[in-house]
Amino acid sequence: MTAVAVIEAVWRIEQPKLAARLARYLRDVGLAEEIAQDAFLQAMERWPRDGVPRNPAAWLTQVAKNRALDRLRRTTLIDAKHRELAVGLAELERATPDIEAALDENIDDDLLRLIFTACHPVLPAEQRAALTLRLLGGLSTAEIARAFLAPEATVAQRIVRAKRTLRDAAIPFETPRGKERRERLAAVLEVVYLIFNEGYVATAGPDWLRADLCGEALRLGRLLAALTPQEPEAQGLLALMELHASRFAARTDKAGAPILLLDQDRSRWDWTLIRRGLDGLNRAMTLTPTPGPYLLQAMIAACHARASTAADTDWIAIAAYYQALALAAPSPIVELNRAVAVGMAFGPAQGLAIADALRGESRLQGSHLLSTVRGDLLEKLGQFAQARAEFRHAAELTGNERERALLLARANAPAPA
Amino acid sequence: MRFMMLMIPGGYQSAAPDAMPSPEAVQAMMKYNEELKKAGVLLALDGLHPPASGARVSFKGGKPTVTDGPFPEVKEVLGGYWMIEVRSREEAVEWARRCPASETDVIEVRRVHEMSEFPEDVQKAAEGLSKPQGQ
């Protein structure tokens, strides 16, 4: 094991806790991030030479405290912000005699505050994602940039802007309560799911880091679920991600071409993740009589996970959950999925009726999805000429080469005798 | 990357069938498990009864022979495991280092095989093999 790899491993474990702790004392997430980073650089310098300290958490906190004091000494105590900082540092000083106890105290609350602050709705989603991966995932700017296929300067800029916005808007370092909590939690879940999907769409890409975003999102989801055991949507999101991730190995062929859910070899699904997802879903369902959007999506994913073969899928339940989802979080994509599920459960004519109602939907213009679904339902109804026209139209609209080839093949398929 | 941390408790090969850890040891271990959970790395964990109430099935000469526990002649036996999902082998080892284990315990850190690592003919052989589905 190289010293650097060991330091990175320790850092990954300690960084979120260190940042959370510093943010509480300094009352400034941006400053906490910078000072934590300083401490990491110092560890990179010292540990390869001196060895990893017996208690790395205490070492890092001590170094961070000294760095914070250095900074304070270099600043004039003129504004309220700096006076606040001084109070925070005095508290930190008092906490240090029993540093190990101080480290554990309230760390869960601090971590939760850190997540809520990094994902504050005052920030655009991409800034929230970058800051969250930085503060809670321990990822470097370069790693985040590679994962998001963005220039490093752009990601660095996002993080700087996010920190500045939080500072300028004087966003308090706290866990929201009451009515605000629900909205703020939704902002957190949105970021975690955005990170997951960013990784999920990167099918078999050349860069493992990109697909690894799913792993980061799962880790964040698990952390969040552990910190908020009573929040059905946090539990629901984790179950949803675990159920989706369980199909990772089965969703592409050897050439990297996508395999549709119903055509996948289910023996390649990840049983550990399915079991975790189903257990989490069951627990989450006991928390609320009215499942929210993530929980409903997890319930849909679970219907697929429970079916030993594609033919065993409970499409009636899936259609019902999509109907509930259409009410909880209306969107044309949900409605289109409902058309597919209803088509499978009650026959293509009923599915087509729902899909046809979406033809004037402006948010589906320019997308191949509606034509693909209509083509599929028309084909099942034996209306081959119309089905082919839909597949041709879909092929023109899709931006994905593999998908286009698949659609054109269906458009040119001879009608069955 | 998925790893198993395999706990090999000292002397467990000859522990009494009803041997139980002390409340203090359990408390320390619970705290450790919570830490793993709150770091978002824990997938599963289990503790095993002492081998005294177990059995070993060996296959000498190509046929199964059953021996009931305990197995005092076996040097190391498993006492339980954690399955974790981490980014590197170093991270898995770092978690093992943090375990509140006793002086005679050993934790073996092993990576879990993924199907994609196997050669094509092995993958082919496993294809369609039904795993338990649903609950």
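Conventions and cut-offs
Residues numbered from 1 in each chain as written. Chains lettered and ligands numbered in written order. Predicted model: local features only at pLDDT ≥ 70, side-chain atom pairs only at ≥ 80, totals over all residues. Heavy atoms only, no water. Salt bridge = Lys/Arg side-chain N within 4 Å of Asp/Glu carboxyl O. Helix = DSSP H or I, 4+ residues; strand = E, 2+ residues; numbered from the N terminus. Buried < 20%, exposed > 50% of the residue type's maximum accessible area, 1.4 Å probe, protein only. Core = buried A, V, L, I, M, F, W, Y, C linked by side-chain atoms within 4.5 Å. Contact = heavy atoms within 4.5 Å. Patch = residues over 30% accessible without salt bridge, like charges linked within 9 Å, V, L, I, M, F, W, Y side chains within 5 Å. Areas by Shrake-Rupley, 256 points an atom, 1.4 Å probe, with all protein chains shown as cover. Buried area = accessible area lost by both parts, 1.4 Å probe. Polar contact = N/O pair within 3.5 Å; in protein donor to acceptor, adjacent residues only side chain to side chain. Nonpolar A, V, L, I, M, F, W, Y, C, P; charged D, E, K, R; others polar. Phe/Tyr/Trp six-rings, centres within 6.5 Å; stacked < 30°, edge-to-face > 60°. Lys NZ or Arg CZ within 6 Å of the ring centre and 35° of its normal. Axes fitted to C-alpha atoms, helices over the stretch in contact; angles between N-to-C directions. Parallel < 35°, antiparallel > 145°, perpendicular 65-115°, else oblique. Left-handed = near helix turned anticlockwise from the far one by under 90°.

Asks: Got a minute to help me understand the pattern of salt bridges in this structure?
Replies: Pairs can form between side chains of opposite charge whenever their charged atoms are close. Residue and element names in this part refer to chain A. Scanning the model with the defined rule gives 36 salt bridges over all chains in all. Where R134 meets E33, a salt bridge forms, and the shortest distance between an N and an O atom there is 2.9 Å. Within this pair, whereas R134 is found in helix α7 (residues 125-135), its partner E33 is found in helix α2 (residues 29-50), the two being separated by 101 residues in sequence. Judged on exposure class, the residue R134 and its partner E33 are both buried. In this structure, R46 and D50 form a salt bridge, with 3.3 Å as the shortest nitrogen-oxygen distance.

Asks: Before we go on, may I ask you to explain the nonpolar core in this structure?
Replies: Most often, soluble globular proteins keep nonpolar side chains buried together rather than apart. Membership of the largest hydrophobic core comes to 122 residues, with the highest contact counts inside it found for L114, F148, I195 and F196 of chain A. Setting aside chain neighbours within four positions, we find F196 of chain A in contact with C214, A217, L218, M241, H244 and A245 of chain A. Within the second largest apolar cluster, 16 residues are counted, among which are I13 of chain A together with M5, L36 and A96 of chain B.

Asks: What's the story with a nonpolar patch on the surface in this structure? I'm lost.
Replies: A grouping of L262, V340 and M344 of chain A is seen on the molecular surface, where their side chains present a nonpolar patch of about 190 Å² in accessible area. Topologically, V340 of chain A is positioned in helix α16 (residues 332-346).

Asks: Is there a simple way to explain the environment of P121 of chain A in this structure?
Replies: Residue and element names in this part refer to chain A. Mapped onto the elements of the fold, P121 is located in the loop between α6 (107-118) and α7. Measuring from C-alpha to C-alpha, the distance between P121 and F391 comes to 40 Å, with 270 residues separating the pair along the chain. With residues near it in sequence (within four places) discarded, P121 still touches R128, R184 and A187.

Asks: What is the right way to look at the interface of chain B and chain A in this model?
Replies: Many descriptions give the size of an interface as the accessible area lost when the pieces come together. Across the contact, 36 residues belong to chain B and 42 residues belong to chain A. Note on chain B versus chain A: buried area summed over both sides is about 3,200 Å², and carbon and sulfur give 51% of it. Across the pair D108 of chain A and K38 of chain B runs a salt bridge, and its minimum N-O distance is 2.6 Å. The tally of links between chain B and chain A comes to 7 residue pairs in polar contact (both at pLDDT 80 or more). Those elements giving two or more residues to the side of chain B that touches chain A turn out to be α1 (23-38), β2 (42-47), β5 (80-85), α2 (89-97) and α3 (120-126) of chain B. Looking at the side of chain B that touches chain A element by element, the count peaks at 7 residues for α2 of chain B. Partitioning the side of chain B that touches chain A into residue classes produces 13 nonpolar, 7 polar and 16 charged.

Asks: Explain the packing of aromatic side chains here, please?
Replies: The geometry of an aromatic ring pair is captured by the separation of the ring centres together with the interplanar angle, meaning the angle of the planes. This structure, assessed with the given rule, holds 7 aromatic pairs over all chains. Relative to F196 of chain A, the ring of Y193 of chain A has its centre 6.3 Å away and its plane inclined at 10°; by these criteria the two rings are stacked. Pair noted here: Y193 of chain A and F196 of chain A are both in helix α10 (residues 178-200), with a separation of 3 residues, about one helical turn. Ring centres of F196 of chain A and Y200 of chain A lie 5.5 Å apart, and the angle between their planes is 20°; on these two criteria the pair is classed as stacked. One end of the pair, F196 of chain A, and the other, Y200 of chain A, are both in helix α10, 4 residues apart, so they sit about a helical turn from each other. Among the aromatic residues, ring-to-ring pairing joins Y193, F196, Y200, F248 and Y294 of chain A into one connected group. Between the NZ or CZ atom of R247 of chain A and the centre of the ring of W269 of chain A, over which it lies, the distance is 5.7 Å. For R56 of chain B, the ring lying beneath its charged end belongs to F71 of chain B, and the centroid distance is 5.3 Å.

Asks: Hey, could you run me through the packing of α16 of chain A against helix α17 (residues 348-356) of chain A in this one?
Replies: Helices that pack against each other are described as a pair by the angle of their axes relative to one another and the distance between those axes. Residues and elements named next belong to chain A. Contact geometry for α16 and α17: axes closest at 6 Å, N-to-C directions at 165°. Compared by their axis directions, α16 and α17 come out roughly antiparallel. Here the hand of the crossing between α16 and α17 comes out right-handed. On α17, the residues that touch E335, R338, A339, V342, G343 and F346 of α16 are P348, Q350, G351, I354 and A355. Grouping the constituent residues of the contact of α16 with α17 by class yields 6 nonpolar, 3 polar and 2 charged.

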